[in-house]
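Each chain is listed here by its residues.
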Amino acid sequence: MAQTNPILTVKNLSVRYGANAEPAVRNLSLSLGRERLGIVGESGSGKSTVGRAILRLLPRAQVTAEQMQFEEIDLSTASERQMLAVRGRRMTMILQDPKFSLNPIQRVGAQVAEAYRTHFRCSKAVARAKSVAMLEAVQIRDPERVYDLYPHEVSGGMGQRIMIAMMLLTDPDLVIADEPTSALDVTVRLNVLNILDGLVRDKGIGLITISHDLNLVRNFCDRVLIMYAGQVVEELAAKDLDRATHPYTRGLLAAQPRIGGTRQPLPVLERQSEWKTAGGAVS
Amino acid sequence: MTASVSIDKMGIRFGSVQVLPEVSLEVGAGECFGLVGESGSGKSTVLRCLSLLLDNWSGEARIGGTSVRALDVMTRCRTVQMVFQDPYGSLHPRHSVRSTLSQPLAIHKLDAVEDRMAQAMTDVGLPLDFLDRYPHQLSGGQRQRVAIARALILEPQVLLLDEPTSALDVSVQAEILNLLQRLRAEKGFTYLMVSHDLAVVDHMCDRFAVMQAGNIVDILPRDAIVGNDARHPYAHELIAASLRYERAL
């Protein structure tokens, strides 16, 4: 999908935190068109670090890259002033848990409207109307009433939809969703993902979903990168996930208990040291 | 070493909120029984009441035929133990594994402390030199193993498992689930296990209860998941959502 005109190109990204000997991300390359890319890995594999490095949200880490291009902007040299105009406007991020990501002492509608007013000059009334329309688009019933609620008055699924509304309101070209539904119950998880998916497709947004959940990326991504110890060990079309060849990916798939499974002991991942050195660069 | 659990009309309110109106369930000796439901449905509260971490509840709970309130605290701790969700929160950061495991032994004045600690470490598959480590020197899976060793060391009959793997990666979850299955086979524990993941429940449990807003709306055998045989609409929806999510349909 639109591979000829990528929204985001990253070549050989490495990130090192503080004095750590091992970099958190090593030689990661990716290119994203108007498609849905999944980044999967275990905790500590560096998948969230990639998202934050793209948004330049790691002021204290050493970030190096041969190339980090977002549309016409070179992310490795852009000034912070330039980044302020991009971040939250053309490139946005949906975080894991609405309980911690929304400001607890501000009405949710005001927070959505603020995201819009930060980037567009308009009256409060216009921002409010835009926000209400967006809340409606994420299938919140009675958005006028919800606009005036505080975060503790909304459920987890509703909170996450409010965050999605906030992040899509500025009509971004790239959305990074970092574990967008892992704090939600399974009954609302699919609903939230379907709403996000529908909006992303309608608007032709490039989406990077960061997750530890193989089922999620299988159902809601076109392409998947599998990360281990800061490196990409395998890249696959999501529909081919079951045909993964890398032993790490196969190990992750096998370790999942399945409904109607055999109840035999689950295969346990035997970690190999050569996974840390093999692979890395994926176009 | 096995005991049945029977909960009869357990009810609790926090302030003005009736968290559990009236919960009743029976778990056979040596059975693994699951509690599922969405967050806030009272699953963990049942475990906390049963272990008397909360004691202002009404109704009755029996382990092996004896009311939990009738057990003195020492006997209770040797009968029922709990493993918590988050191994990053449930281990004291400034206590070594040795001190975490030796304190219950000291409190209960048990002999052969070193042997018991060695046995518990072997049971959960950790090397003995890990006794001198602190929680920050352990991975998440290793910490959960320590938490399980701490629960085992007093040789209880019933283990209450409160989302024991939901803070862990799938690969580590597989190790812990295998460990829990092996321990149940070896020691005949009765498990009461809270989970939000029906695939885990299907893998581990013989029967499970679906909770909604503090009520048990349905009690189902494990086999009911795969064909979604739930009768209650909410239980049906929960299983359907999990099946859709797994794309098992």
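Procedures and definitions
Residues numbered from 1 in each chain as written. Chains lettered and ligands numbered in written order. Predicted model: local features only at pLDDT ≥ 70, side-chain atom pairs only at ≥ 80, totals over all residues. Heavy atoms only, no water. UniProt positions renumbered as here; feature names shortened; annotations may be inferred. Helix = DSSP H or I, 4+ residues; strand = E, 2+ residues; numbered from the N terminus. Contact = heavy atoms within 4.5 Å. Areas by Shrake-Rupley, 256 points an atom, 1.4 Å probe, with all protein chains shown as cover. Lys, Arg positive; Asp, Glu negative; His and termini not counted. Charge placed at Lys NZ, Arg CZ, Asp CG, Glu CD. Salt bridge = Lys/Arg side-chain N within 4 Å of Asp/Glu carboxyl O. Buried < 20%, exposed > 50% of the residue type's maximum accessible area, 1.4 Å probe, protein only. Pairing = 2+ DSSP bridges. Right-handed = clockwise from strand over helix to strand, strands pointing away. Disulfide = S-S within 2.5 Å. Buried area = accessible area lost by both parts, 1.4 Å probe. Expected span 1.5 Å × (residues − 1). Axes fitted to C-alpha atoms, helices over the stretch in contact; angles between N-to-C directions. Phe/Tyr/Trp six-rings, centres within 6.5 Å; stacked < 30°, edge-to-face > 60°.

The name an unreviewed UniProt entry assigns to chain B is Glutathione import ATP-binding protein GsiA, from the organism Aquimixticola soesokkakensis. Comment text from UniProt for chain B, heading Function (unreviewed entry), reads "Part of the ABC transporter complex GsiABCD involved in glutathione import. Responsible for energy coupling to the transport system." UniProt, in its Subunit (unreviewed entry) section for chain B, records the words "The complex is composed of two ATP-binding proteins (GsiA), two transmembrane proteins (GsiC and GsiD) and a solute-binding protein (GsiB)."

Chain A has the name Putative D,D-dipeptide transport ATP-binding protein DdpD in an unreviewed UniProt entry, where Aquimixticola soesokkakensis is given as its organism. As stated in UniProt under Sequence similarities (unreviewed entry), the record for chain A gives "Belongs to the ABC transporter superfamily." Quoted straight from UniProt, the Subcellular location (unreviewed entry) entry for chain A says "Cell inner membrane".

J.: Would you mind showing me how to read the overall build of chain B here?
T.: If you tally the helices and strands in chain B, you get 10 helices and 10 strands. Counting only C-alpha atoms and orienting by the principal axes, one finds that chain B spans roughly 50 × 45 × 35 Å. Counted over contacts in chain B with a minimum sequence separation of 6, partners at least 24 positions apart contribute 67%. Surface exposure of chain B reaches about 10100 Å², of which carbon and sulfur atoms provide 49%. The distance from the centre of the 24 positive side-chain charges to the centre of the 29 negative ones in chain B is 4 Å.

J.: It is not clear to me how the UniProt feature "domain: ABC transporter" (unreviewed entry) in chain B should be interpreted in this structure. Could you clarify?
T.: In the numbering used here, UniProt assigns the "domain: ABC transporter" (unreviewed entry) feature to residues 5-238 of chain B. End-to-end, the C-alpha atoms of residues 5-238 of chain B are 26 Å apart, and along that stretch the chain is 38% helix and 26% strand.

J.: Got a minute to help me understand the pattern of salt bridges in this structure?
T.: Between side chains of opposite charge, a pair can form as their charged atoms come close. Counting across every chain of the model gives 29 salt bridges over all chains. One salt bridge in this structure joins Arg145(B) and Glu175(B), with 3.1 Å as the shortest N-O distance. Here Arg145(B), found in helix α6 (residues 140-152), pairs with Glu175(B), found in helix α7 (residues 170-187); they are 30 residues apart in sequence, far enough to count as distant. Because the salt bridges share partners, they merge into one network encompassing Arg36(A), Asp197(A), Arg201(A) and Asp222(A).

J.: What is the right way to read the pairing of strand β7 (residues 158-162) of chain B from this model?
T.: If a strand is regular, its side chains alternate between the two faces of the sheet. All names here are of chain B. Counting buried residues along β7, five of its five residues qualify, which places the element largely inside the surrounding structure. Side chains of β7 alternate between two faces, with Val 158, Leu 160 and Asp 162 and Leu 159 and Leu 161 buried alike. Here four bridges tie strand β6 (residues 80-83) to β7, and the two strands are oriented parallel to one another. Paired with Val 83 across the strands is Leu 161, a residue of β7. As defined by bridge partners, β7 adjoins strand β8 (residues 190-194) across five bridges and the pair is classed as parallel. Across the sheet, Asp 162 pairs through a bridge with Val 194, a residue of β8. Taken together, β7, α7 and β8 form a β-α-β motif whose crossover is right-handed.

J.: When you look at the state of the cysteines in this model, what are you seeing that I'm missing?
T.: Two cysteines form a disulfide when their sulfur atoms are joined by a covalent bond. Residues and elements named next belong to chain B. Inspection of the entire model under this criterion finds zero disulfides over all chains. For the unlinked cysteine Cys 77, the closest cysteine sulfur is that of Cys 49, found at 16 Å. Judged by relative accessible area, Cys 77 falls into the partly exposed class, the value being 26%.

J.: How should I be thinking about the interface of chain A and chain B in this particular structure?
T.: One frequently used descriptor of interface size is the decrease in accessible area upon assembly of the parts. Taken together, the contact between chain A and chain B spans 30 residues of the former and 34 residues of the latter. When chain A packs against chain B, the two sides together hide about 2900 Å² of surface, and 55% of this comes from carbon and sulfur. Connecting chain A to chain B are zero salt bridges. For the side of chain A that touches chain B, the secondary-structure elements that each account for two or more residues are α8 (186-203), α9 (214-220) and α10 (247-255) of chain A.

J.: Please clarify how the environment of Ala165(A) should be interpreted in this entry.
T.: Residues and elements named next belong to chain A. Tracing the backbone shows Ala 165 in helix α7 (residues 156-168). Remark: the alpha-carbon pair of Ala 165 and Ala 137, spanning 28 residues in sequence, is separated by 7.7 Å. In this view, Ala 165 contacts Met 134, Leu 135 and Val 138; residues no more than four positions away in its chain are not counted.

J.: Explain α7(B) here, please?
T.: Between its terminal C-alpha atoms α7(B) stretches 25 Å, which fits the 26 Å expected from 18 residues at 1.5 Å a residue. Those residues of α7(B) that are buried are in contact with α10 of chain A together with α5 (113-123), α6, β7, β8 and α8 (198-204) of chain B. After α7(B) finishes, the residue Gly188(B) shows a positive phi value of roughly 65°.

J.: What am I meant to see in the sheet that holds strand β2 (residues 17-27) of chain B here?
T.: Whether parallel or antiparallel, the strands of a sheet pair through hydrogen bonds between backbone atoms. Residues and elements named next belong to chain B. The strand order β2-β1-β4-β5 describes an open sheet built from four strands, whose pairing is antiparallel. The sheet is open, and its two edges are formed by β2 and β5 (66-67), each paired on a single side. Seen against the sheet, helix α1 (residues 43-50) touches β1 (5-14), β2 and β4 (58-63) and runs at an angle of roughly 110° to β1.

J.: What am I meant to see in the environment of Val192(A) here?
T.: Take Val192(A): it is sitting in helix α8. Ignoring any residue separated from it by four or fewer positions in sequence, one finds Val192(A) in contact with Gly157(A), Gln160(A), Arg161(A), Ile164(A), Thr181(A) and Leu184(A).

J.: Explain the packing of aromatic side chains here, please?
T.: Two descriptors summarise a pair of aromatic rings, namely the distance from one centre to the other and the angle between the planes of the rings. Residue and element names in this part refer to chain A. A full pass over the atoms with the stated rule returns five aromatic pairs over all chains. On the basis of an interplanar angle of 20° and a centroid distance of 4.6 Å, the ring pair of Tyr 116 and Phe 120 is categorised as stacked. The class of Tyr 116 is buried, set by a relative accessible area of 9%. Residue Phe 120 is classed as partly exposed on the basis of its relative accessible area of 25%.

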